[in-house]
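Chain and residue survey
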Amino acid sequence: MIESPAPAPEVEAISLLATPDVTVRDIRCRGNCRHRSPEECATATEIVFPYRGVYARHLGRDQAIAEANQVVFFNAGEGYSISHPVAGGDACLSLAINETLLHELAPRALLHDHDLIGFRHHRLRIDPRTQALVALLRHRLQRRSTQALEAESLTLELVQQALGPRTTHIAGASIGRQRLADRAKLVLASDLARRWTLAEIAAEVGGSPVYLTQVFQQVEGVPLYRYQMRLRLARALDLLPECEDLTMLGLDLGFSSHSHFSAAFRDAYGRSPSDFRRAALSHSIR
């Protein structure tokens, strides 16, 4: 009798780097649980960078929409649950940093005063440079083409960059306005290539176009259209090392032409898509 293969696990955690000071894991979830999962408890404080897909992280009545424009904080001993309001699952780069180093790297205003080190906020919006650092670190570690010292250095640089006051944004609005912005994020994440109109997004989330643009700007600190652009470009960062047809990649992500894609990529990350691809595949992170 031929036995059927075991089903793939719902969540897979792949160790990419483990030293006394730094642990880096690639965590991938199939996203079959569309509703809130049973409550889990984080065993360690981790800094999590979603780079593919989207999920919602629930802490009591609060929630954070985790996607490639965000860094999400999991605090040791903190209960949470996960849901996947958009199909397709997700993937994240998860960092655990030695507590002493994390105290040095993190601004005091971001940390709470509990005995266990942890963050006051559930998430922060990150800038494009931080997105690019996440992608470079992950691609190099996955290919095992960088040594531990170099990888540790870049990991600490990434944490410092992600938590820096000039590169992060803390949501500053009422819960109701944050939920409206969250619904808009889920609409954008449901179809990255679609050329949404403002009226279409407003109809999906249940608000007027003017009110939606005002609320989104207040919550996220960037216009809605730019937020969508960064989601598309973050997906390009994920796919570029495996993609040789850059024109088709740009078109698949909703850009009107290769020149449009290349110009937007260069504007966000300071280099062309082909330059980033070469850097991700090279034998040095720099």
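In this text, all values refer to a predicted model and were calculated from it rather than measured experimentally.

The next thing to look at is the pairing of strand S4 (residues 46-53). Counting buried residues in S4 gives six out of eight residues, a clear majority hidden from the surface. Judged from the three bridges that link them, S4 and strand S7 (residues 70-74) form a sheet pairing that is antiparallel. Bridging from a neighbouring strand, Ile47 pairs with Phe73 of S7.

With that settled, the discussion passes to the side chain of Asp26. Residue placement: Asp26 occurs in strand S2 (residues 22-29). In this structure the side chain of Asp26 is engaged in a polar contact, spanning 3.0 Å, whose partner is the side chain of Gln142. Discounting residues that sit within four places of it in the chain, Asp26 has contacts with Glu12, Ala13, Ile14, Leu16, Tyr51, Cys92, Arg138 and Gln142.

This part is about the packing of aromatic side chains. Counted by the stated rule, this structure contains seven aromatic pairs. When the centroid spacing of 4.9 Å and the interplanar angle of 90° are considered together, the rings of Phe74 and Tyr80 count as edge-to-face. Assessed through its relative accessible area of 10%, Phe74 is described here as buried. What makes Tyr80 buried here is its relative accessible area of 10%. Both rings, one in Phe261 and one in Phe265, keep their centres 6.0 Å apart while their planes meet at 75°; by these two values the pair is edge-to-face. Separated by four residues within a single helix, Phe261 and Phe265 lie in helix H9 (residues 258-269), roughly one turn from each other. For Phe265, a relative accessible area of 0% translates into the label buried. One aromatic cluster is present, formed by Phe255, Phe261, Phe265, Tyr269 and Phe276 through successive ring pairs.

Right, let's talk about the sheet that holds strand S3 (residues 40-41) for a bit. One open sheet accounts for four strands, arranged S3-S8-S5-S6; its pairing is antiparallel. Here the strands that pair on one side only, and so sit at the sheet edges, are S3 and strand S6 (62-66). Strand direction decides the pairing type here: strand S5 (residues 55-59) and S6, joined by five bridges, are antiparallel. Bridging across to S6, Leu59 finds its partner in Asp62.

This brings us to the pattern of salt bridges. If you walk through the whole model with that rule in mind, you get 14 salt bridges. Note that Asp238 is salt-bridged to Arg138, the shortest N-O span being 2.8 Å. Of this pair, Asp238 sits in helix H7 (residues 224-239) while Arg138 sits in helix H2 (residues 128-142), and the two are 100 residues apart along the sequence. Given the relative accessible area of 7%, Asp238 is considered buried. Asp238 serves as the salt-bridge partner of Arg235, at 2.4 Å between the closest nitrogen and oxygen. Of this pair, Arg235 and Asp238 both sit in helix H7, three residues apart, which is roughly one turn of that helix. The class for Arg235 is partly exposed, based on a relative accessible area of 25%.

For Leu180, the position within the fold is in helix H4 (residues 175-190). Here Leu180 falls in the buried class, since its relative accessible area comes to 5%. It is 29 Å that separates the C-alpha atoms of Leu180 and Tyr269, two residues lying 89 residues apart in sequence. Contact partners of Leu180, with chain neighbours within four places excluded, come to Val205, Tyr211, Leu212 and Val215.

Definitions and limits used
- Residues numbered from 1 in each chain as written.
- Predicted model: local features only at pLDDT ≥ 70, side-chain atom pairs only at ≥ 80, totals over all residues.
- Heavy atoms only, no water.
- Buried < 20%, exposed > 50% of the residue type's maximum accessible area, 1.4 Å probe, protein only.
- Helix = DSSP H or I, 4+ residues; strand = E, 2+ residues; numbered from the N terminus.
- Pairing = 2+ DSSP bridges.
- Polar contact = N/O pair within 3.5 Å; in protein donor to acceptor, adjacent residues only side chain to side chain.
- Contact = heavy atoms within 4.5 Å.
- Phe/Tyr/Trp six-rings, centres within 6.5 Å; stacked < 30°, edge-to-face > 60°.
- Salt bridge = Lys/Arg side-chain N within 4 Å of Asp/Glu carboxyl O.

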